[in-house]
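Here is how the chains run, residue by residue.
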Amino acid sequence: MNSNSGYNKFRTVFAHIVLIILSFMCLFFFYILIVNSTRSHADLQRGFSALPGGHFLDNFKSVANDGTFPMMRGIINSLIVSGSSAAICTYFSALTAYGLYAYDFKLKKAAFTFIMAILVMPTQVTAMGFLRLITGMGMDDSLLPLIIPSIASPSVFYFMFSYLQSSLPLSLVEAARIDGSKEFWTFNQIVLPIMKPAIAVQAIFSFVGSWNNYFVPALVISSKDKMTVPILIALLRGADYMNRDMGKIYMMIVVAIVPIILVYLILSKYIIAGVTLGGVKG
């Protein structure tokens, strides 16, 4: 008994030490980012410092009041693109997963295989064809090409499909049909509430992925008033050496992280609720 108790105590202490080290490694870089956003360009040129400076407000005002740099417009554009993409991506992926899970039809396996094949196709391969398509449709230099393609997301679909397999008994769907429930009503009122944890997880990933996306917006967007946050940060970093202000760059990165943290805090309760529900079921 004593040896087992000592071993369990050692394992608990070791696990806590590992978790503390991992947490430090994850949070240290965020801390340095925030510290650098409080320092002036001259201070940053002198080298590394773990202590915050006194230029946080100066850097924020410098970014916010720069007439050639539409920070607020860029944040609004990113919020529109990321929020819309996360909403339609999760809803339509869940709807597609439900259709393939709850219905039997001839081409069911072929449809699933086709969607999985698209999953391994990199964005860069189809980029030029996509650019020619939206240019021909008159949608270039617009936010729509950044939102509409989010409807088709194979990775989110597969996650939703796997979640339905483990969480939704088909007997529940059959019971709803027997009671006279329409198919969309069944999906919206019965299936979606069950999928809340999966939707919350994928909404976070979709939001973050769309928020940090640089490649496609850089191809599509040319007007400054339609640029998203990653493009604006790249513009700041791409300035010539004499006009570059590292304090502004770090401040813009800090501002860009805030919406991601807020989205996680808002949706995290659904993730925790889903984990708790799974534990109770088990």
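Residues numbered from 1 in each chain as written. Predicted model: local features only at pLDDT ≥ 70, side-chain atom pairs only at ≥ 80, totals over all residues. Heavy atoms only, no water.

(A) Inspection of the overall build of the protein at higher detail. Within the protein, the secondary structure is distributed over 14 helices and zero strands. Listed by position from the N terminus, the elements making up the protein come as α-α-α-α-α-α-α-α-α-α-α-α-α-α. Compactness check: the protein gives a C-alpha radius of gyration of 24 Å against a globular reference of 19 Å for 282 residues, more than 25% above the reference. Dimensions of the protein, computed from C-alpha atoms along their principal axes, come out at roughly 75 × 70 × 30 Å. At a minimum sequence separation of 6, the contacts of the protein that also span at least 24 residues come to 72%. (Helix = DSSP H or I, 4+ residues; strand = E, 2+ residues; numbered from the N terminus. Rg over C-alpha atoms; globule rule 2.2 N^0.38 Å. Contact = heavy atoms within 4.5 Å.)

(B) Quick look at the side chain of Asn59. With respect to the helices and strands, the residue Asn59 is situated in helix 3 (residues 56-64). Asn59 sits in the buried class, given a relative accessible area of 6%. Side-chain polar atoms of Asn59 contact the backbone oxygen of Ser37, separated by 2.7 Å. Setting aside chain neighbours within four positions, we find Asn59 in contact with Ser37, Thr38, Arg39, Gly247, Lys248 and Met251. (Buried < 20%, exposed > 50% of the residue type's maximum accessible area, 1.4 Å probe, protein only. Polar contact = N/O pair within 3.5 Å; in protein donor to acceptor, adjacent residues only side chain to side chain.)

(C) A look at the pattern of salt bridges. All chains considered together, the criterion is met by four salt bridges. The residue Arg177 makes a salt bridge to Glu183 at a minimum N-O spacing of 3.2 Å. Residue Arg177 is classed as partly exposed on the basis of its relative accessible area, which comes to 24%. Judged by its relative accessible area of 31%, Glu183 is partly exposed. Residues joined by salt bridges that share partners form a network here, namely Glu174, Arg177 and Glu183. (Salt bridge = Lys/Arg side-chain N within 4 Å of Asp/Glu carboxyl O.)

(D) Inspection of the environment of Pro259 at higher detail. One can find Pro259 in helix 14 (residues 246-281). Judged by its relative accessible area of 12%, Pro259 falls in the buried class. In this structure, the C-alpha to C-alpha distance between Pro259 and Val208, residues 51 residues apart in sequence, is 9.3 Å.

(E) Highlighting the layout of surface pockets. Estimates place the volume of the largest pocket at around 980 Å³. For the largest pocket, the lining is made up of 31 residues, of which Thr123, Pro149, Ala152, Asn213 and Val216 are closest to its centre. Put simply, the parts of the chain that give the lining of the largest pocket at least two residues each are helix 4 (71-102), helix 5 (108-119), helix 6 (123-136), helix 7 (144-147), helix 8 (154-167), helix 11 (196-212) and helix 12 (215-220). Of the residues forming the lining of the largest pocket, the biggest block, five residues, is contributed by helix 4. In terms of residue class, the lining of the largest pocket is built from 18 nonpolar, 13 polar and no charged. (1 Å grid on protein atoms, 1.4 Å probe; cavity = no way out; pocket = protein on both sides within 12 Å on 5 of 7 lines; lining within 4 Å. Points joined across faces, edges and corners; volume = space filled by probe spheres on them. Nonpolar A, V, L, I, M, F, W, Y, C, P; charged D, E, K, R; others polar.)

(F) Representation of the nonpolar core in the model. Within the largest apolar cluster, 33 residues are counted, with the highest numbers of intra-cluster contacts made by Phe69, Met71, Leu146, Trp211, Ile221, Val229 and Met252. Mapped onto this core, the elements with two or more residues apiece are helix 4, helix 7, helix 11, helix 12, helix 13 (229-237) and helix 14. Per element, the largest residue contribution to this core is eight residues, and it comes from helix 14. Not counting the four nearest positions on each side in its chain, Leu146 is found in contact with Val81, Ser85, Val216, Pro217, Val220, Ile221 and Thr228. Membership of the second largest hydrophobic core comes to 23 residues, among which are Ala94, Met116, Phe187 and Leu192. (Core = buried A, V, L, I, M, F, W, Y, C linked by side-chain atoms within 4.5 Å.)

(G) Local environment of unusual backbone geometry. Even without being a glycine, Asp141 presents a positive backbone phi close to 55°. Within the secondary structure layout, Asp141 lies in the loop between helix 6 and helix 7.

(H) Molecular detail of the packing of aromatic side chains. The full count for this structure, using the stated rule, is 13 aromatic pairs. Consider the rings of Phe24 and Phe28, whose centres lie 5.4 Å apart with planes at 35°: the pair is tilted. Highlighted residues: Phe24 and Phe28, both in helix 1 (residues 2-37), separated by four residues, approximately one helical turn. On the basis of an interplanar angle of 35° and a centroid distance of 5.9 Å, the ring pair of Phe157 and Phe161 is categorised as tilted. Taken together, the residues span about one helical turn, with Phe157 and Phe161 both in helix 8 at a distance of four residues. On the accessibility criterion, Phe161 (10% relative accessible area) is buried. Here a set of aromatic residues connected by ring pairs shows up, and it is made of Tyr91, Phe92, Tyr98, Tyr103 and Phe187. (Phe/Tyr/Trp six-rings, centres within 6.5 Å; stacked < 30°, edge-to-face > 60°.)

(I) Fine view of the packing of helix 8 against helix 11. For the pair helix 8 and helix 11, interaxial distance at closest approach is 10 Å and the crossing angle is 165°. In this view, helix 8 runs roughly antiparallel relative to helix 11, as classed from their interaxial angle. Between helix 8 and helix 11 lies a crossing of right-handed hand. Here Val156, Phe159, Met160 and Tyr163 of helix 8 lie close against helix 11, whose contacting residues are Pro197, Ala198, Ile199, Val201, Gln202 and Ser206. Residues of the contact of helix 8 with helix 11, tallied by class, amount to eight nonpolar, two polar and no charged. (Axes fitted to C-alpha atoms, helices over the stretch in contact; angles between N-to-C directions. Parallel < 35°, antiparallel > 145°, perpendicular 65-115°, else oblique. Left-handed = near helix turned anticlockwise from the far one by under 90°.)

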